[in-house]
Amino acid sequence: MAWLNVAHRKLVKLAFAVFTLFGIISFLTAGPSKPTRIQHNFQRKPLAQSARQHAVKREFYHAWTAYKDHAWMADGLMPLSGSRKQQFCGWSATLVDSLDTLYIMGFDDEFQEAVNATLTIDFSGTVGDCVVNLFESTIRYLGGLLAAYDLSNDVRLLPKLVELGNLLHSAFRTPNGMPCTHCKLGAKDVLLRAPNSASLADVGSLYLEFARLAQVTQDDKYMRTVEFLADAFSRAQNQSSIAGLWPEIVIPSSTDGDNGRFAKGNFRYSLGALSDSAYEYLVKTHLLLGKSTKIYESMWKSASRQIKRHLLFRAFIPPANKADVIFSGIATMVPSGDEPMLETRTEHLACFSGGMFAIASRIFNEPRDFDVGKQITNGCVWAYHNSPTGIMPEALTTLPCSTGDGKQCAWNESYWDQESRRPANCLMADCDKYTFPPGFLQVSDPSYKLRPEAIESVFVMWRMTGDEYWRDVGWSMFESIIEHTRSAYGHASLLSTMEMFDQDRYEKGLMVRKVLARRHDDMESFWFAETLKYFYLLFSDPGLISLDEWVLNTEAHPFRLTPGIRGF
Ligand SMILES: *[C@@H]1O[C@H](CO)[C@@H](O)[C@H](O)[C@H]1NC(C)=O
Ligand SMILES: *[C@@H]1O[C@H](CO)[C@@H](O)[C@H](O)[C@H]1NC(C)=O
Ligand SMILES: *[C@@H]1O[C@H](CO)[C@@H](O)[C@H](O)[C@H]1NC(C)=O
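What you are looking at is a predicted structure, and each value in this text was computed from that prediction instead of being measured. (Residues numbered from 1 in each chain as written. Chains lettered and ligands numbered in written order. Predicted model: local features only at pLDDT ≥ 70, side-chain atom pairs only at ≥ 80, totals over all residues. Heavy atoms only, no water.)

## Considerations on the overall build of the protein
Let me state the cut-off plainly: Helix and strand definitions here come from DSSP, where helices need a minimum of 4 consecutive H or I residues and strands a minimum of 2 consecutive E residues; each element is numbered from the N-terminal end. Taken over C-alpha atoms, the radius of gyration is set against a globule rule of 2.2 Å times the number of residues to the power 0.38. Working definition: with a 1.4 Å probe on protein chains only, accessible area under 20% of the residue-type maximum means buried, over 50% means exposed, and in between means partly exposed. A contact between two residues is defined here by any heavy atoms of the two lying within 4.5 Å. Working definition of accessibility: Shrake-Rupley area with a 1.4 Å probe, residue cover restricted to the visible protein chains. When charges are tallied, Lys and Arg are placed among the positive residues and Asp and Glu among the negative ones, while His and the ends of the chain are skipped. The atom standing in for a charge is NZ when the residue is Lys, CZ when it is Arg, CG when it is Asp and CD when it is Glu.
Check the secondary structure of the protein and you find 18 helices and 22 strands. Relative to the globule expectation of 24 Å for 568 residues, the C-alpha radius of gyration of the protein, 25 Å, shows essentially globular dimensions. The principal-axis extent of the C-alpha atoms belonging to the protein is close to 90 × 65 × 60 Å. Per-residue burial over the protein gives 58% buried out of 568 residues. The contacts of the protein with a sequence gap of at least 6 include a subset with a gap of at least 24, amounting to 72%. When the accessible area of the protein is evaluated, it comes to approximately 24,000 Å², of which 54% is carbon and sulfur surface. Separation of charge centres in the protein, based on 58 positive and 63 negative side chains, amounts to 6 Å.

In structure tokens:
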């Protein structure tokens, strides 16, 4: 049988040679595989789930055509009445906010048409007496223009970027250099002043857009402003009543070092309303600039330690997807107090922090923070799955676990019955008849405003793990949201995610009676910019807007990262 042996050996040699040759060829043609720092190393292709992807695209198109037909170039469209709404100086917020989503979803003609319309917006000529909301204008208009430019490289957008950038940058022309957050930027010969009180997010989430504007235009004045602002935040970081965190109200009129009054606007701390993106932007600005400056990293390290210690908690809830969950609450610390008091109220707005902790864990090499992000995300997923409509309310209160060992406490039906029946927990008129689902102690704001934060974190978890679990939970969130919000002219906010009623709806030309939540005549531009974009990307190939090549601003507008300058 010697011949077989020889033949076998030859075959093995041949196979080895072919294998080696193939290896060399593929190395030469493809180069070494791209280093991934944030995203999971996806191998299997294709990974788009086309049926789900198309379903999202269909809903976007439904709302977009309604905007085009009924509110073209208005800031917003009202989804029940079909009327127009002006909100942010009338510069077509929905149009500008939607540009990059049109591009990403492959609506090429609509994108060109929308860019052409955007080029006709006269920001500086029409600002007039408008009180410019600096934060919203920066994240929606400037962020939207930057992303449209970064994706399409359409140079016609550059002059618009500079025009709007300069107008918004003029908000920093104050005696102390801190921004005027709500000012008439069009008024001539008026001295602007930084306010005596502003929300943390309004002042603390401007770095990313102005830094990207500086990179794109090569104009250093924007970067100097960003550095000035970051420096003010860094100096004040340990001066608040919880060192490391900034309170939800800050004092921009005071930055000149008089006992750090800047960080003493009040004594409440959270990741939700008023604060949220001020923490998010530490991580994201490090992503954009981290090779050249460590200031965002060092602010994040102090802040994240205190967030974990004082804001995050475990809740007494029925088992959630067999997974441990974490919620974030609101801490109050009076200057003379010993320990911060934690209010265990969690907000939909704070759901973004799951993705924030997960991304930070990779870029700052803190592997345990990945689990923090995952458990925060699962807390939001739990709230979606357990609400009557399948949608998390704007704000809900849970009971904290009282075990105090940092572990998830066991569910106990009789303890829940006893605690949840207390009259103080009942906000509804008729408490006997109406009870919240197990785990929902109070729902102080039951509405749903078409917000993106939960799906944002689910999307980040999918991109970082490649675990299909996240696409499945995301799909069920999508189905619930569409079921309740779809309306004649787009999609409508919900008055309450906690109650449903018999309602007649037209569907595909037929009247049907369904049990649904009550709607409200409002559709914010972030529905187009963020919520539907995150759903779409969740079901698309992971190479589309890779988190290793793009950073998404707090309005989900992707900015291109520059190798060698980005923070990894
Ligand atoms: C946009 O404007 C360009 C230049 O004026 C024109 O060539 C193009 O046809 C326009 N596209 C659409 C979709 O309106
Ligand atoms: C704030 O305090 C933390 C912890 O003591 C320290 O690591 C950090 O450097 C301080 N930050 C500033 C800006 O002084
Ligand atoms: C559940 O809660 C009830 C009421 O507080 C208590 O009496 C009981 O011991 C608890 N059961 C367990 C298994 O902890």
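From this point on, the discussion continues.
## Things to note about the UniProt feature "binding site: Ca(2+)" (unreviewed entry) in the protein
For clarity, the threshold we go by: UniProt positions are given in the numbering used here, feature names are shortened, and annotations may be inferred rather than shown by experiment. Any pair of nitrogen or oxygen atoms within 3.5 Å is treated as a polar contact; in protein, a donor-acceptor pairing is required on top of that, and neighbouring residues in sequence qualify only through side-chain atoms on both sides.
In this numbering, the UniProt entry assigns the feature "binding site: Ca(2+)" (unreviewed entry) to Thr554. With respect to the element layout, threonine 554 can be found in the loop between β21 (550-552) and β22 (558-560). For threonine 554, the contacting residues outside a window of four places in its chain are Phe135, Ile139, Ser277, Glu280, Tyr281 and Glu530. Among the polar contacts made by the side chain of threonine 554, one reaches the side chain of glutamate 280 at a distance of 3.0 Å.

## Thoughts on the environment of lysine 45
By the secondary structure assignment, lysine 45 is in the loop between α1 (2-30) and α2 (50-71). Exposure remark for lysine 45: the relative accessible area of 61% places this residue in the exposed category. With 160 residues separating them along the chain, lysine 45 and serine 205 place their C-alpha atoms 37 Å apart.

## Thoughts on the confidence of the model for the protein
We apply this condition: For every residue, the predictor states its confidence as a pLDDT score lying anywhere from 0 to 100.
Per-chain confidence: the protein averages 91 in pLDDT, with 90% of residues scoring 70 or above. This stretch, residues 1-33, has a pLDDT under 50; its non-local contacts, to residues over four places away or in other chains, come to two contacts.

## Examining the sheet that holds strand β12 (residues 345-347)
The following threshold applies: Strand pairing follows a simple DSSP-based rule, namely that at least 2 bridges must link the two strands. Note on method: axes are straight lines fitted to C-alpha atoms, helices fitted across the in-contact stretch only, with angles between N-to-C directions ranging 0 to 180 degrees.
In spatial order, the strands read β12-β13-β14; together these three strands make up an open sheet with antiparallel pairing. Of all the strands in the sheet, just β12 and β14 (442-445) have a single pairing partner and so form its edges. Direction aside, neighbouring strands of the sheet carry axes that sit 25 degrees apart on average.

## Some points on the site of ligand 3
The condition is simple: In these notes, residues near a molecule or strand are those with any non-hydrogen atom within 4 Å of it. The residue classification treats Ala, Val, Leu, Ile, Met, Phe, Trp, Tyr, Cys and Pro as nonpolar and Asp, Glu, Lys and Arg as charged. All others, Gly included, are polar.
The environment of ligand 3 is formed by Asn412, Ser414, Tyr415 and Gln418. A distance of 2.4 Å separates an oxygen atom of ligand 3 from a polar atom in the side chain of asparagine 412. Between ligand 3 and glutamine 418 there is a distance of 3.3 Å, counted from an oxygen atom to a side-chain nitrogen or oxygen. Contact with the protein chains hides 32% of the accessible area of ligand 3, taken as 360 Å² for the molecule alone. Partitioning the shell around ligand 3 into residue classes produces one nonpolar, three polar and no charged.

## Observations concerning the site of ligand 1
As a structural note, the neighbourhood of ligand 1 is formed by Asp109, Gln112, Glu113, Asn116 and Arg156. A distance of 2.4 Å separates an oxygen atom of ligand 1 from a polar side-chain atom of asparagine 116. In isolation ligand 1 exposes 360 Å². Once the protein is present, 33% of that is buried. When its residues are assigned to classes, the shell around ligand 1 shows no nonpolar, two polar and three charged.

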